[in-house]
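Read off the chains here:
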Amino acid sequence: EASFSGSLLATLVIMLLYRFTSWITFKNKNIRRLVEGQSILLMKDGIKISKNLKKSLITEDNLLESVRHDANLSTFDKVKEAYLEKSGKISITKE
């Protein structure tokens, strides 16, 4: 019986923490950025932003693979912008 009530209490605490975190991130933009992160610009007008690539641990090969797969391009020349999204996916916009 003690383990059941302990498990129930732990579940309740986790649910309350989740609800509180959801509520506070909805209300406060700074906390939302801290908890959820933000998109990182990896490329602009065909020019790679090396500092952001290194910070994100994205190689040039990974970026080129995303460009080929998502934008159907074989080079970086016609890439307007490339972002590493909060979800971990790389999104590409063409010129």
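Look up: the structure comes first, before these words.
Residues numbered from 1 in each chain as written. Predicted model: local features only at pLDDT ≥ 70, side-chain atom pairs only at ≥ 80, totals over all residues. Heavy atoms only, no water.

Participant: Hey, could you go over the pattern of salt bridges for me, with residue numbers and the actual values?
Facilitator: Tallying each qualifying case throughout the model produces 4 salt bridges. Close ionic contact of Glu 36 with Lys 86 constitutes a salt bridge, the shortest N to O distance being 3.6 Å. Pair noted here: Glu 36 is in helix α2 (residues 29-36) and Lys 86 is in the loop between β3 (79-84) and β4 (90-94), with a separation of 50 residues, a long-range link. The residue Lys 48 makes a salt bridge to Glu 60 at a minimum N-O spacing of 3.9 Å. Placement of Lys 48 in strand β2 (residues 47-48) and of Glu 60 in helix α4 (residues 60-71) is noted, with a sequence separation of 12 residues between them. (Salt bridge = Lys/Arg side-chain N within 4 Å of Asp/Glu carboxyl O. Helix = DSSP H or I, 4+ residues; strand = E, 2+ residues; numbered from the N terminus.)

Participant: So, the nonpolar core: which residues are in play, and what are the values?
Facilitator: By size, the foremost hydrophobic cluster in this structure holds 14 residues, and its most contacted members are Leu 42, Ile 58, Leu 63, Val 79, Ala 82, Ile 90 and Ile 92. The residues touching Ile 90, leaving out its near neighbours within four places in the chain, are Leu 42, Ile 58, Leu 63, Ser 66, Asp 70, Tyr 83 and Leu 84. (Core = buried A, V, L, I, M, F, W, Y, C linked by side-chain atoms within 4.5 Å. Buried < 20%, exposed > 50% of the residue type's maximum accessible area, 1.4 Å probe, protein only. Contact = heavy atoms within 4.5 Å.)

Participant: Describe in detail the pairing of β3, supporting the description with residues and values.
Facilitator: Where strand β1 (residues 40-44) meets β3, 4 bridges bridge the pair, whose relative direction is antiparallel. By the bridge assignment, Lys 44 is partnered in β3 with Glu 81. As defined by bridge partners, β3 adjoins β4 across 5 bridges and the pair is classed as antiparallel. Bridged to Leu 84 within β4 is Ile 90. (Pairing = 2+ DSSP bridges.)

Participant: Any details on the environment of Glu 60? Residues and values, ideally.
Facilitator: Look at Glu 60 and you get partly exposed, because its relative accessible area is 46%. For Glu 60 and Ser 50, which are 10 residues apart along the polypeptide, the C-alpha to C-alpha distance reads 9.1 Å. If we ignore the near neighbours within four places in the chain, the residues touching Glu 60 are Lys 48 and Phe 76.

Participant: Give a detailed account of the sheet that holds β3, specifying residues and quantitative values.
Facilitator: Read from one edge to the other, the open sheet built from 4 strands follows the order β2-β1-β3-β4, with strand pairing classed as antiparallel. The sheet terminates laterally at β2 and β4, the two strands that pair on one side only. Those strands touched by α4 are β1, β2, β3 and β4, and its axis lies near 60 degrees from that of β4. (Axes fitted to C-alpha atoms, helices over the stretch in contact; angles between N-to-C directions.)

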